[in-house]
Amino acid sequence: PLNNRPQHNYGRSRAVLDHAHQMGAVTKSGLMLGLGESHENLNRTLNDLREAGCDLLTVGQYLQATKNNAAVVKYYPPEEFLQIKFIAVELGFKEVEAGPLVRSSYRAHRLYQDLKNGIIKTN
């Protein structure tokens, strides 16, 4: 749902997360918003990630790196990122970082350490 790559890559990525989760690994994924995704696409992707057992999530704003890259379709305000974080936590993600400047590895080590040290509840 939230990618411009062929659909089989999405399915493969989801299968890798699912397999890693089943093997007992802490799993993390990241989303970049602003390329024209609908709320339905976003909700379906969040649900897919949770169904695959994804524990940690980062959600950030896509920014056009050069004029040759895809243009930004929508700039999300910070309030929408807070809403997305709330939805993701309600779905069962253990920890979520969401904001305009959040990137895939944003505080990933801290998220993992908090989970490992029991700071984040796992149930």
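Structural data are supplied above this passage.
Fair warning: this is a prediction, and the values are worked out from it, not measured in the lab.

Undergrad: For this particular structure, what's the right way to read the pattern of salt bridges?
TA: Two side chains that carry opposite charge are able to pair once their charged atoms sit near each other. The tally for this structure, following the rule as stated, stands at 3 salt bridges. The closest approach of N and O atoms between R44 and E40, which form a salt bridge, is 3.7 Å. In this pair, R44 and E40 are both assigned in helix α2 (residues 39-51), 4 residues apart and thus about one turn of the helix distant. On the basis of relative accessible area, E40 is assigned to the exposed category, the value being 55%. Here E80 makes a salt bridge to K74, at a shortest N to O gap of 3.0 Å. The exposure class assigned to E80 is buried, which follows from its relative accessible area of 17%.

Undergrad: How should helix α3 (residues 78-91) be read in this particular structure?
TA: Residues three or four positions apart in an α-helix share a direction because the helix packs 3.6 residues into each turn. The end-to-end C-alpha distance of α3 is 20 Å, a good match for the 20 Å that 14 residues give at a rise of 1.5 Å each. Of all the positions in α3, only E80, F81, I84 and A88 are classed as buried. For α3, the angular spread of buried residues about the axis comes to 100 degrees, placing them on one side. Among the exposed residues of α3, those oriented more than 90 degrees off its buried face are E79, L82, F86 and E90. Packed against the buried residues of α3 are β1 (28-33), α2, β2 (56-61) and β3 (95-98).

Undergrad: I tried to follow the nonpolar core on my own but got confused; where do I start?
TA: The nonpolar side chains of a soluble globular protein tend to be buried with one another. Ranked by size, the top nonpolar core spans 17 residues in total, and within it L33, L49, L57, V59 and F93 carry the most contacts. Breaking this core down by element, the ones donating at least two residues are β1, α2, β2, α3 and β3.

Undergrad: Help me understand the sheet that holds β1, please; the structure alone is not making it clear to me.
TA: A sheet is described by the order of its strands in space; here 3 strands give the open sequence β1-β2-β3, paired in parallel fashion. Taken across any chain shown, the strands that pair with only one partner, and hence form the sheet edges, are β1 and β3. Each adjacent strand pair in this sheet contributes to an overall mean axis angle of 15 degrees, direction not counted. Pairing geometry for β2 and β3, over 4 bridges, is parallel. When the bridges of β3 are listed, T58 appears paired with E97. The sheet contacts of α2 involve β1 and β2, and relative to β1 the element is tilted by about 175 degrees.

Undergrad: Explain the pairing of β2 here, please?
TA: Regular strands have side chains that alternate between both faces of the sheet. The buried count for β2 comes to 6 of 6 residues, which makes it a mostly enclosed element. Going residue by residue along β2, you find L56, T58 and G60 tucked away on one face and L57, V59 and Q61 tucked away on the opposite face as well. Where β1 meets β2, 6 bridges bridge the pair, whose relative direction is parallel. The residue bridging M32 from the neighbouring strand is G60, located in β2. At this point the chain moves from β1, through α2, to the parallel β2, and the crossover so formed is right-handed. In this view, the connection linking β2 to its parallel neighbour β3 by way of α3 has right-handed handedness.

Cut-offs applied
- Residues numbered from 1 in each chain as written.
- Predicted model: local features only at pLDDT ≥ 70, side-chain atom pairs only at ≥ 80, totals over all residues.
- Heavy atoms only, no water.
- Salt bridge = Lys/Arg side-chain N within 4 Å of Asp/Glu carboxyl O.
- Helix = DSSP H or I, 4+ residues; strand = E, 2+ residues; numbered from the N terminus.
- Buried < 20%, exposed > 50% of the residue type's maximum accessible area, 1.4 Å probe, protein only.
- Expected span 1.5 Å × (residues − 1).
- Arc of directions from axis to C-beta.
- Contact = heavy atoms within 4.5 Å.
- Core = buried A, V, L, I, M, F, W, Y, C linked by side-chain atoms within 4.5 Å.
- Pairing = 2+ DSSP bridges.
- Axes fitted to C-alpha atoms, helices over the stretch in contact; angles between N-to-C directions.
- Right-handed = clockwise from strand over helix to strand, strands pointing away.

The values are spatial; any link to function lies outside them.
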